[in-house]
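The primary structure of each chain is shown beneath.
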Amino acid sequence: MTGLPIDLTLARDSLPALLVGLRTTVFVVALSLLFGLALAFPICFARMSKLRFPALMAETFVVFFRGAPVLILLYLVYYGFGQIDALRNGPLWILFGSAWGCAIVALSLNHAAYMTEILRGSLLAVPRGIVEASEALGVSQRNIFLHVKMPLAIRYGLKAYQNEVVSFIKGTAVVSVVTITDLAAVANGIFEETYDPFTPILCAAALYWAFVNLVRIGFDLWGRWLDRHKMDRERAPVPVLQNVPTRGRLLRQIGRVRGRVL
Amino acid sequence: MTHLSLAEINGYLRQLGEGALITLELFLTSFALAFVMGVFIALATLSRGRIVTAAWRIYASIFMGVPSLLVIFLVYYGGSAMLIGLFGAWGRSIDVSPFGAGVAALSIVYAAYIAELVRGAIDNLPKGQFEAARALALPRGVLWGKVILPQAMRLALPGLVNVWSFMLKETPLVSLAGLQDLVASAKIAAGATKEPFIFFIATALLFIAFSGLTLKLAMRLEKRLDRGQNRDEAPASEVAA
Amino acid sequence: MSALTSMPPAPLAVPADVAIALTGVEKRYGTHRALAGIDLAVGRGERIVICGPSGSGKSTLIRCINGLERHDGGRIVVNGIELTSEDGTVQDVRQEVGMVFQHFNLFPHLNALENCMLAPRLNRGLSRAQAETLAMKHLERVHLADHVRKYPGRLSGGQQQRVAIARALCMEPRILLFDEPTSALDPEWSTRCSASWRNWRRAV
Ligand SMILES: Nc1ncnc2c1ncn2[C@@H]1O[C@H](COP(=O)(O)OP(=O)(O)OP(=O)(O)O)[C@@H](O)[C@H]1O
Ligand SMILES: [Mg+2]
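Residues numbered from 1 in each chain as written. Chains lettered and ligands numbered in written order. Predicted model: local features only at pLDDT ≥ 70, side-chain atom pairs only at ≥ 80, totals over all residues. Heavy atoms only, no water.

Asker: Give me the pattern of salt bridges: which residues, what numbers.
Answerer: Residues and elements named next belong to chain A. A full pass over the atoms with the stated rule returns 16 salt bridges over all chains. Note that R47 is salt-bridged to E59, the shortest N-O span being 3.9 Å. Taken together, the positions of R47 in helix α1 (residues 8-48) and E59 in helix α2 (residues 52-67) put the pair 12 residues apart, joining distant regions of the chain. Judged by its relative accessible area of 16%, R47 falls in the buried class. One salt bridge in this structure joins E117 and R47, with 3.1 Å as the shortest N-O distance. With E117 in helix α5 (residues 99-125) and R47 in helix α1, this pair connects stretches of sequence that are 70 residues apart. E117 sits in the buried class, given a relative accessible area of 7%. Linked by salt bridges that have partners in common, R47, E59, R66, E117 and R120 make up one network. (Salt bridge = Lys/Arg side-chain N within 4 Å of Asp/Glu carboxyl O. Helix = DSSP H or I, 4+ residues; strand = E, 2+ residues; numbered from the N terminus. Buried < 20%, exposed > 50% of the residue type's maximum accessible area, 1.4 Å probe, protein only.)

Asker: An account of the coordination of the magnesium ion (ligand 2) is requested, with residue identities and associated values reported.
Answerer: Residues and elements named next belong to chain C. Those donors, S59 (OG) and Q102 (OE1), are the protein atoms that reach the magnesium ion (ligand 2), and they lie 1.9 to 2.3 Å from it. Note that S59 is positioned in helix α1 (residues 58-65) and Q102 in the loop between β5 (97-100) and α3 (112-124), a separation of 43 residues in sequence. Of the residues examined, S59 reaches a relative accessible area of 21% and is grouped as partly exposed. (Donors = N, O, S within 2.8 Å, 3.2 Å for Na, K, Ca; no water.)

Asker: So what's going on with the interface of chain A and chain C? Which residues, and what values?
Answerer: Of the residues lining the interface, 23 residues belong to chain A; the matching set on chain C comes to 26 residues. Both faces considered, chain A and chain C share a buried interface measuring about 2,200 Å² in area, 58% of it formed by carbon and sulfur atoms. Where chain A meets chain C, there are one salt bridge. The shortest N-O distance in the salt bridge between C:R63 and A:E132 comes to 2.6 Å. Where chain A meets chain C, there are seven residue pairs in polar contact (both at pLDDT 80 or more). Counting only elements with at least two residues in the side of chain A that touches chain C, the list comes to α6 (128-136), α7 (141-171) and α9 (199-230) of chain A. Broken down by element, the residue count for the side of chain A that touches chain C peaks at eight residues, all from α6(A). (Contact = heavy atoms within 4.5 Å. Buried area = accessible area lost by both parts, 1.4 Å probe. Polar contact = N/O pair within 3.5 Å; in protein donor to acceptor, adjacent residues only side chain to side chain.)

Asker: Residue-level account of the packing of α1(A) against helix α8 (residues 183-194) of chain A, with values.
Answerer: All names here are of chain A. Between α1 and α8, whose axes approach to 7 Å, the crossing angle comes to 150°. When the axes of α1 and α8 are compared, the pair comes out roughly antiparallel. When the axes of α1 and α8 are compared, the crossing they make is right-handed. Seen from α1, the contacting residues are L10, S14, A17, L18, G21, L22 and T25; seen from α8, they are L183, V186, A187, I190 and T194. A breakdown of the residues in the contact of α1 with α8 according to their chemical character gives eight nonpolar, four polar and no charged. (Axes fitted to C-alpha atoms, helices over the stretch in contact; angles between N-to-C directions. Parallel < 35°, antiparallel > 145°, perpendicular 65-115°, else oblique. Left-handed = near helix turned anticlockwise from the far one by under 90°. Nonpolar A, V, L, I, M, F, W, Y, C, P; charged D, E, K, R; others polar.)

Asker: Residue-level account of α5(A), with values.
Answerer: Between its first and last C-alpha, α5(A) extends 39 Å over 27 residues, near the 39 Å set by a 1.5 Å rise per residue. Across the 27 residues that make up α5(A), a large majority, 23, are buried. (Expected span 1.5 Å × (residues − 1).)

Asker: Could you give an account of the sheet that holds strand β3 (residues 73-78) of chain C, with specific residues and numbers?
Answerer: Sheet strands line up and pair through hydrogen bonds in the backbone, either parallel or antiparallel. Residues and elements named next belong to chain C. Strand order in the open sheet formed by four strands is β2-β1-β3-β4, with antiparallel pairing between adjacent strands. On the outer flanks of this sheet lie β2 (32-43) and β4 (81-82), each paired with one strand and no other. With five bridges joining them, strand β1 (residues 18-29) and β3 adopt antiparallel strand pairing. Within β3, the position partnered with T23 by the bridge is R75. (Pairing = 2+ DSSP bridges.)

Right, dumping it as structure tokens:
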């Protein structure tokens, strides 16, 4: 056998269907990233709050939704909330009544849990002195957050955010278990029709690879733009986040980090 | 509320237990394989020529840029074809099971991550370590086995812990290739009993407990390794939360 | 136990011409008393310098005056406003008090000009153009007109400190607190600075 037997005709014929699947994947990813990030802010504030109860609730949320495999979260929302009769007539049915709603809920909660920790780590990395300088200038807490803390936190957390987004995208390949025909599901379907074990899966893999690397390049450009315009690498190195849990590809930095990079 | 008989509950619990054992077995086997492969790849690709480095880059880029689920499908669906292609008639006699496909896929993917980690760690060892060993005229085997690798492993440990917990969360994917693991059993039990919350939350908590427990152990191991070492270089456990 | 007791005894009531009045101010960190019964009165237009060995509490004193640290005992009155535990009073005091930090604490993501423009824009609602004129005025005063587009990481220590001074002046405070104002400046600049502070109408 020379190389992997890719059936070029099949590849060409199935490309349109695969692209439709890719579009679904992009939608799922975009929506969950959006809702997940939006959720992460209040949860992060609760987690960093001095009040015992909100902090504990937020921590529990993070431990559960970060620790549970995405597959189980999907099952839990789809078969769990989706089957509660009491919800059937309530407003929440818009969410839990459809496969899309369930998928987005499960994925957003998972992403929010990771983002809470990334956000927290980045905010904690902002030097105290810089916050104090803003306070001494009489800037309000709200403006300090918007104009000083967040811009710096974005710079500190960008790498971790990139890692999270990249592995989140790959993780969404399981949404087909709740009947959403994303890219992986389309490829699987073509396999079941044609019994060609390589062509559809490899084509889908190539599309995932392109998507993931496009996102990665986008993040790299964003980071370089932030760096070039706003910061000097030599004199003001971006602190490498410690204790920030990311999944995926944090590992290049590992030698420099020397800390736990959970 | 519950309309289950004790015998039924017992049955489901036993099924869950068996599934948990399969998941554990799958995870540990894959991790061990990935670790061995990762270290081997790291050593084989470090400070080699351009071609080896380029080949490594491609391998890493592919397996870090593609969902593990697809790799699992590929190995499972295409495994027999590949074996026949590679070994001819002898390959035909090997049956690709979901378990075997899962182990192969997960270890191939995570070997890339582990190799990246180990390479980074070795790169970051002080140059003096190599020079001192060379000055002592240590043979190559001793240099790598007794001097470089132990230190590199210490540096790579936090990252390895990270890979460990992330890989654990991806093992349930193999159930989609038909493996009767913990998650598959939970799904069956949840469907049959109409108690999805109990079974899925319990399963999730099992995962969380296992990863939490092993994390504690890893932190203890880190402390152990740091004892009497690295006085000037802040040990990693200091920043561990 | 180190304390600052070099100042003349403070009046109990606070007359109108006193900008800063401290009576019996205490600050503890755990069991360590960083400030032990400080009495201090600074008149309007007066410039004073507080000296003391390292760790004697100079920075702590200054930080208490604009509410970055809560004092544990005694009273602090700044420009007629007493610093209490209410958040509002701290904010009022800070509008009147500018501060230059020992370690400058410039905003690393903003260039020199933007560092100076941030507070006037956010606190006083100046337009971009107004804030820029104001910031340029003060940056020119510290001879940094050529470096306004540079980010703090690219500036030398002395230049950073001058940006920090300009940033504080841009809020046009009635009171200025300097923590080690010339630590990063060369002798020539130190003299020049002290000369320019002499011209600054109200300073502490
Ligand atoms: N946040 C803190 N927690 C505990 N102790 C503190 C804290 N801040 C200051 N101290 C202690 O209070 C004392 C006074 O500190 P401060 O920074 O005011 O000294 P200083 O006079 O400004 O010294 P230097 O000239 O070195 O800047 C020191 O002993 C210091 O260790
Ligand atoms: Mg000081």
